[in-house]
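# Observations on the three-dimensional arrangement
Spelled out from the first residue to the last, the chains are:
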Amino acid sequence: MALKAPSPPEVLGIDEITASGLLVRIWIKTQPGQQWAVAREFRRRMLNVLAANGIPIGRLHQQLHLVREVNGHGGSPDASALES
């Protein structure tokens, strides 16, 4: 029995958008019993592509804006924002 060439992943679209990220639904056809290995390899490759393009993933981002007080009153926001 000859194996046929794998079909490309089918991107179904964005299923969910939250403050912590997106859920993109993708279907990949695999040989029976290979779905877990294929899923791990797909996620590894996806992380590599995101990292190579400077897209951070797996950590929450916060911005802290500092406001200087001027004579006991709030002033304009400091020009710099700290990111953690």
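The following refers to the structure shown. (Residues numbered from 1 in each chain as written. Predicted model: local features only at pLDDT ≥ 70, side-chain atom pairs only at ≥ 80, totals over all residues. Heavy atoms only, no water.)

### Some points on the overall build of the protein chain
The secondary structure content of the protein chain amounts to one helix and four strands. In the protein chain, the succession of α and β elements from N to C terminus is β-β-α-β-β. For the protein chain, the exposed surface amounts to about 7,800 Å²; the carbon and sulfur share of it is 58%. (Helix = DSSP H or I, 4+ residues; strand = E, 2+ residues; numbered from the N terminus. Areas by Shrake-Rupley, 256 points an atom, 1.4 Å probe, with all protein chains shown as cover.)

### Description of the pattern of salt bridges
Tallied over the entire structure, the rule returns three salt bridges. The shortest N-O distance in the salt bridge between R25 and D15 comes to 2.7 Å. Here D15 lies in strand 1 (residues 10-18) and R25 lies in strand 2 (residues 21-27), a separation of 10 residues in the sequence. In this structure R25 comes out as partly exposed when scored by relative accessible area, which is 37%. (Salt bridge = Lys/Arg side-chain N within 4 Å of Asp/Glu carboxyl O. Buried < 20%, exposed > 50% of the residue type's maximum accessible area, 1.4 Å probe, protein only.)

### Here we look at helix 1 (residues 35-52)
Between its terminal C-alpha atoms helix 1 stretches 26 Å, which fits the 26 Å expected from 18 residues at 1.5 Å a residue. In the segment just after helix 1, G54 is the residue with positive phi, at about 70°. (Expected span 1.5 Å × (residues − 1).)

### So, the pairing of strand 1
Relative to strand 2, strand 1 runs antiparallel, the two being bridged by seven bridges. Bridged to E10 within strand 2 is W27. In sequence, strand 1 turns back onto strand 2 through a hairpin of two residues. (Pairing = 2+ DSSP bridges.)

### Thoughts on a nonpolar patch on the surface
Together, V11, I14, I17, L22 and V24 make up a nonpolar patch on the protein surface, roughly 500 Å² of accessible area in all. Elements represented by at least two residues in the nonpolar patch include exactly strand 1 and strand 2. Counting residues per element, the nonpolar patch draws most heavily on strand 1, which supplies three residues. Accessibility expressed as a relative area gives 64% for I17, which makes it exposed. (Patch = residues over 30% accessible without salt bridge, like charges linked within 9 Å, V, L, I, M, F, W, Y side chains within 5 Å.)

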